[in-house]
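What follows is each chain in one-letter form.
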Amino acid sequence: FSEEAEPPEEGRHEEALMGELSELVQQVVKRSSWWERHGIDDSIIALNFLILPAGFLCLRSNTALLFLLGIFILGIVHHTVTVKGSHSASHNALTESKSWGKVWAIFFLEVCSAFTAEQAYYNHVKLHHGYTNVIRLGDSSTWKLPFLNRYVYMFIAPIAIPILTPLVALGLLKDVELKTALRTLCCMFLGLYSHYWLLVNVSGFQSVWSALICMLITRSLLAHPYIHVNIFQHIGLPMFSADKKPKRIHLMSLGVLNLPRNALLDWSFGHSIISCHVEHHLFPNLSDNMCLKIKPIVSQYLKKKKLPYNEDSYMSRLQLFLHCYEELMVNAPPITELVGIQ
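Only a predicted model underlies this, so the values are computations on that prediction, with no experimental measurement involved.

Asker: Mind showing me how you'd approach the packing of helix 10 (residues 223–232) against helix 15 (residues 314–323) here?
Answerer: When two helices pack together, their arrangement is given by the angle between their axes and by how far apart the axes lie. Close contact between helix 10 and helix 15 brings their axes to 11 Å; oriented N to C, the two are set at 80 degrees. The angle between the axes of helix 10 and helix 15 places the two elements in the roughly perpendicular class. The residues of helix 15 that touch helix 10, namely those facing His224, Pro225, His228, Val229, Ile231 and Phe232, are Tyr314, Arg317, Leu318 and Phe321.

Asker: Looking at this structure, I do not really get a nonpolar patch on the surface. What am I missing?
Answerer: Taken together, the side chains of Ile163, Leu164, Leu167, Val168, Leu170, Leu178, Leu182 and Leu185 define a hydrophobic patch exposed on the protein surface, amounting to about 740 Å² of accessible area. Counting residues per element, the ones that place at least two in the nonpolar patch are helix 7 (161–172) and helix 8 (178–201). For the nonpolar patch, the leading source of residues is helix 7, giving 5 residues. Leu185 sits in the partly exposed class, given a relative accessible area of 38%.

Asker: Teacher, can you tell me more about the side chain of Ser253 here?
Answerer: With respect to the secondary-structure elements, Ser253 resides in helix 11 (residues 248–255). Discounting residues that sit within four places of it in the chain, Ser253 has contacts with Leu302, Leu307, Pro308 and Asn310.

Asker: Where do I start with the UniProt feature "domain: Fatty acid desaturase" (unreviewed entry) in the protein in this structure?
Answerer: In the numbering used here, UniProt assigns the "domain: Fatty acid desaturase" (unreviewed entry) feature to residues 65–311. Secondary structure across residues 65–311 comprises 64% helix and 2% strand; the distance between its end C-alpha atoms is 37 Å.

Asker: Help me out: how do you make sense of unusual backbone geometry in this one?
Answerer: Note on backbone geometry: most residues besides glycine have negative phi, and most peptide bonds are trans. At Arg136, a residue that is not glycine, the phi angle is positive and equals roughly 65 degrees. For Arg136, the location among the structural elements is in the loop between helix 5 (117–129) and helix 6 (150–156).

Asker: Just to check I follow, could you spell out the UniProt feature "transmembrane region" (unreviewed entry) in the protein for this structure?
Answerer: Sequence positions flagged by UniProt for "transmembrane region" (unreviewed entry) are, in local numbering, residues 39–57, 63–82, 151–173 and 180–198. Split by type, residues 151–173 is 78% helix and 0% strand. Its first and last C-alpha atoms lie 32 Å apart. Counted over residues 180–198, helix gives 100% and strand 0%. Its end C-alpha atoms are 27 Å apart.

Thresholds applied
Residues numbered from 1 in each chain as written. Predicted model: local features only at pLDDT ≥ 70, side-chain atom pairs only at ≥ 80, totals over all residues. Heavy atoms only, no water. Axes fitted to C-alpha atoms, helices over the stretch in contact; angles between N-to-C directions. Helix = DSSP H or I, 4+ residues; strand = E, 2+ residues; numbered from the N terminus. Parallel < 35°, antiparallel > 145°, perpendicular 65-115°, else oblique. Contact = heavy atoms within 4.5 Å. Patch = residues over 30% accessible without salt bridge, like charges linked within 9 Å, V, L, I, M, F, W, Y side chains within 5 Å. Areas by Shrake-Rupley, 256 points an atom, 1.4 Å probe, with all protein chains shown as cover. Salt bridge = Lys/Arg side-chain N within 4 Å of Asp/Glu carboxyl O. Buried < 20%, exposed > 50% of the residue type's maximum accessible area, 1.4 Å probe, protein only. UniProt positions renumbered as here; feature names shortened; annotations may be inferred.

Here is the structure:
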């Protein structure tokens, strides 16, 4: 593919397509109740907090089955709060109030996830969403660790996410104001120490190391699909240079992929990360439930206009990444230039 300049009439045509799709989606949003727009997802997150005490109490048991159930509960709650909750909060999708949205972002990202809210917003919302699959901006290259071989990266390295996340956050604090850095440090400490304190005082762990190991296990319970999903849905799809990227509707339809619905991952990560990722990138401020609700409209519209609507299975993407790991995760991606639609 090659292209020298963007014909103005084609640029206007793409803007008209995005405008038409946005109007269709807005009609659905306006007809939807608060429960559909925010209530369902807020309730899922709240329910996770309600079952959290059961997880800590199960860890007191000497029965292997109950102990493993406690690990499972804490792991699911952790990932629902830190992935679904943090992701939704970063897009202000949990509430219609911007002030409360800021509070929830700090709570979910800094207290629960041990990360910095400002840098998460900048890197995810501003760069990844603003420049999806644009080289050196939103190309998902931060997920690449080319010094690791395919099996270490795909199956061993994810276990280290609970350790790496706060370390990366500490490194990013140099880019924020001092008061913001101090707030983030306090929130991170509160979240991590609270988890440790509950394991010792509620679950009855007798040693520091046993509590820390339990924290690592529960916080990495779904780390493998978390890493996999984040690379499956963008890497390996068309990448663009900043000066020749297509308009928004083509950028998102070409550079984003949906995975099939999965009960566990839908609950823990949210529809916008799993089966409605295309919809989420087109309309990032919508909640998970609303992304699911507009999915038929978006898919039908893109297909009707003969635009890409990328879908693939988890196992298919896993096999692709294992087979083409060097090409996808080590080498620089080829730059796609489109003819006739930019």
